[in-house]
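Structural overview for review
Here are the chains, one letter per residue:
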Amino acid sequence: MQLLRSTDPDFAARFARIVNDRRESDADVSRVVGDILARVRIEGDGALRDLTARFDKHDLDNSGWQISLKDCKAAYKALDKDLRKALDLAAERIRAYHEGQLPVDRDHVDEAGVRLGAKWRAVDAAGLYVPGGRAAYPSSLLMNAIPAKVAGVERLAVVTPTPLGEVNPLVLAAAHLAGVDEVWRVGGAQGVAALAYGTATIKPVDVITGPGNAFVAEAKRQLFGVVGIDMVAGPSEILVIADNRNDPDWIAADLLSQAEHDPSAQSILITDDAAFAAVVEDALDVTCADLSTNRVARESWDDFGVIIVVQDLAKEAPALANRLAAEHVEIATDDPEAIFAQIRHAGSVFLGRHTPEAVGDYVAGPNHVLPTGRRARFASGLSVLDFMKRTSFIQLDEAALARIGPAAVALAHVEGLPAHAKSVELRLK
Ligand SMILES: NC(=O)c1ccc[n+]([C@@H]2O[C@H](COP(=O)([O-])OP(=O)(O)OC[C@H]3O[C@@H](n4cnc5c(N)ncnc54)[C@H](O)[C@@H]3O)[C@@H](O)[C@H]2O)c1
Ligand SMILES: N[C@H](CO)Cc1c[nH]c[nH+]1
Ligand SMILES: [Zn+2]
């Protein structure tokens, strides 16, 4: 963990190093992923069989390539009552929030008499990546599949790794609840490649969405263009902005909640009290030791954890947060709005002392698939729009063409494109 004070003479340089440390664009990860994508494109199912045996330690021909919808339904029915209620609540709240994102078509006639508009249509097939290497992610299944359903996508194909061939019943139950069409037991970069290129067994899709580790995120990044993607959602990040009126145990737990996802996750605390920072650090050590995820969380905190002590939270924290453009930003102060108003770049913001980020991971409603690696500067969380595209349309009658056609003719001539000019001119006569 690194401790920085904004008054230190070398603060600007050290903070810049943290900002510029693009952990997900690691050259080794990029090369490994490039090789995996090439293998799947050339060898298809053979590469999936081989890479699944290597990384997930099971033989797809024995364990089965696909999980049946019947098994998904059975898993949902067999759920413990309270767990089923929790999953149902999460699904309802996610659906309600995403229904509000459905776009409206445009169709109007302007003052020149030209009919203009745009129609939104869903993609035909979506590939949903549900992580499963270190933990199982039924919540990510819901976060991917529900917006796709709301958008009206016809075919929803899930890929998810099943380490040692073991499936997580809650992931299957979530697949049933969300109404996905296919669940494939392949993960990692090879799972993403299978969805993009297609193989003899897995049909290709039009858009791939979902979160994953550095290999999954890099695979999506490299395949953008072959397929559409939502954005690059890699190892989790949290930035907590907290004054000293917080319970240090709460803040320590918040920092650990994202550290426990992945050794390359990143948790950062900005506070205006050095003594409070020290107490949080101690609390984090104590809490971390008791977690079943201790090893991963410890590694993440030791390697990527940061505490920044500033003089004035409201004045300094927003600028630092905007440079970090973190996936999650928690503002644990009495007046979070004062800081929130100045936050320009963040995947999702959690306001006040009673809004732990983890509530957004599961049940709040907005999507938890969010841009990482400072990509919140230009990208947003997964939404219904990621499963849709817009087709514009234009309609003119003779009078409307007479109004605006001559300008098109003039522009076509100066571009040196006479056939363009002619196709308009002929109609003007
Ligand atoms: N940004 C978001 O919105 C968001 C949301 C949820 C989870 N996450 C992140 O998703 C990730 C889940 O990671 P996970 O590992 O548990 O599951 P995962 O499914 O993302 O990755 C597991 C797969 O990674 C591949 N892999 C592992 N080591 C490899 C190597 N050395 N070379 C090539 N491939 C390798 C394997 O194929 C394995 O099956 C975490 O980083 C978590 O923080 C992000
Ligand atoms: N925090 C993750 C996004 O970075 C999402 C998640 C799913 N389950 C638990 N957490
Ligand atoms: Zn989480």
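Residues numbered from 1 in each chain as written. Chains lettered and ligands numbered in written order. Predicted model: local features only at pLDDT ≥ 70, side-chain atom pairs only at ≥ 80, totals over all residues. Heavy atoms only, no water.

An unreviewed UniProt entry lists the chain under the name Histidinol dehydrogenase, with Alteraurantiacibacter buctensis given as the organism. The record held by UniProt for the chain lists under Pathway (unreviewed entry) the comment "Amino-acid biosynthesis; L-histidine biosynthesis; L-histidine from 5-phospho-alpha-D-ribose 1-diphosphate: step 9/9." (UniProt positions renumbered as here; feature names shortened; annotations may be inferred.)

Next up on the list: the pattern of salt bridges. Pairs can form between side chains of opposite charge once their charged atoms are near each other. Per the counting criterion, the structure on display carries 16 salt bridges. Among the salt bridges present, the one from glutamate 43 reaches arginine 39, with a minimum N-O distance of 2.9 Å. Of this pair, glutamate 43 and arginine 39 both sit in helix 2 (residues 27-43), four residues apart, which is roughly one turn of the helix. According to the relative accessible area criterion, glutamate 43 is partly exposed, its value standing at 41%. The closest approach of N and O atoms between arginine 353 and aspartate 243, which form a salt bridge, is 2.9 Å. With arginine 353 in the loop between strand 14 (348-351) and helix 16 (357-362) and aspartate 243 in the loop between strand 10 (237-242) and helix 11 (248-259), this residue pair connects regions lying 110 residues apart in the sequence. Residue classification places aspartate 243 among the buried residues on the basis of a relative accessible area of 12%. Connected through shared salt-bridge partners, Asp243, Arg245, Asp334 and Arg353 make up one network. (Salt bridge = Lys/Arg side-chain N within 4 Å of Asp/Glu carboxyl O. Helix = DSSP H or I, 4+ residues; strand = E, 2+ residues; numbered from the N terminus. Buried < 20%, exposed > 50% of the residue type's maximum accessible area, 1.4 Å probe, protein only.)

Taken together, Tyr137, Ser139, Ser236, Gln258, His261, Glu327, His328, Glu357, Asp361, Tyr362 and His368 form the complete shell of residues around ligand 2. In the environment of ligand 2, a nitrogen atom lies 3.3 Å from a nitrogen or oxygen atom belonging to the side chain of serine 139. Contact distances for ligand 2 include 2.7 Å between an oxygen atom and a side-chain N or O atom of serine 236. About the coverage of ligand 2: the protein hides 92% of its 290 Å² of free accessible area. The biggest single contributor to the shell around ligand 2 is helix 16, with three residues. Residue composition of the shell around ligand 2, grouped by class: two nonpolar, six polar and three charged. (Near = heavy atom within 4 Å. Polar contact = N/O pair within 3.5 Å; in protein donor to acceptor, adjacent residues only side chain to side chain. Areas by Shrake-Rupley, 256 points an atom, 1.4 Å probe, with all protein chains shown as cover. Nonpolar A, V, L, I, M, F, W, Y, C, P; charged D, E, K, R; others polar.)

Here we come to the nonpolar core. Formed by 45 residues in total, the largest nonpolar core has its most connected members in Leu128, Leu141, Leu142, Val153, Val180 and Phe387. With eight residues, helix 7 (residues 138-151) is the single largest residue contributor to this core. (Core = buried A, V, L, I, M, F, W, Y, C linked by side-chain atoms within 4.5 Å.)

So, on to the coordination of the zinc ion (ligand 3). The coordination sphere of the zinc ion (ligand 3) contains the protein donors His261 (NE2) and Asp361 (OD), at a distance range of 2.1 to 2.2 Å. By relative accessible area, which is 10% here, aspartate 361 ends up buried. (Donors = N, O, S within 2.8 Å, 3.2 Å for Na, K, Ca; no water.)

Around ligand 1, a shell composed of 30 residues is seen, among which Asp56, Tyr129, Arg134, Ser236 and Asp262 lie nearest. In the model, an oxygen atom of ligand 1 is placed 2.7 Å from a nitrogen or oxygen of the aspartate 56 side chain. Side-chain polar atom of glutamate 327 to a nitrogen atom of ligand 1: 3.1 Å apart, as the coordinates give it. Taken by itself ligand 1 offers 870 Å² of open surface, and the protein chains cover 88% of this. Residue assignment for the shell around ligand 1 shows that the elements contributing at least two residues are helix 2, helix 3 (45-56), helix 9 (188-197) and helix 10 (214-223). Taken together, the residues of the shell around ligand 1 break down into 15 nonpolar, 11 polar and four charged. In this structure, the shell around ligand 1 is formed jointly by two domains, domain 1 (27-232) and domain 2 (235-368), each of which donates at least three residues. (Domains from an automatic or database assignment.)

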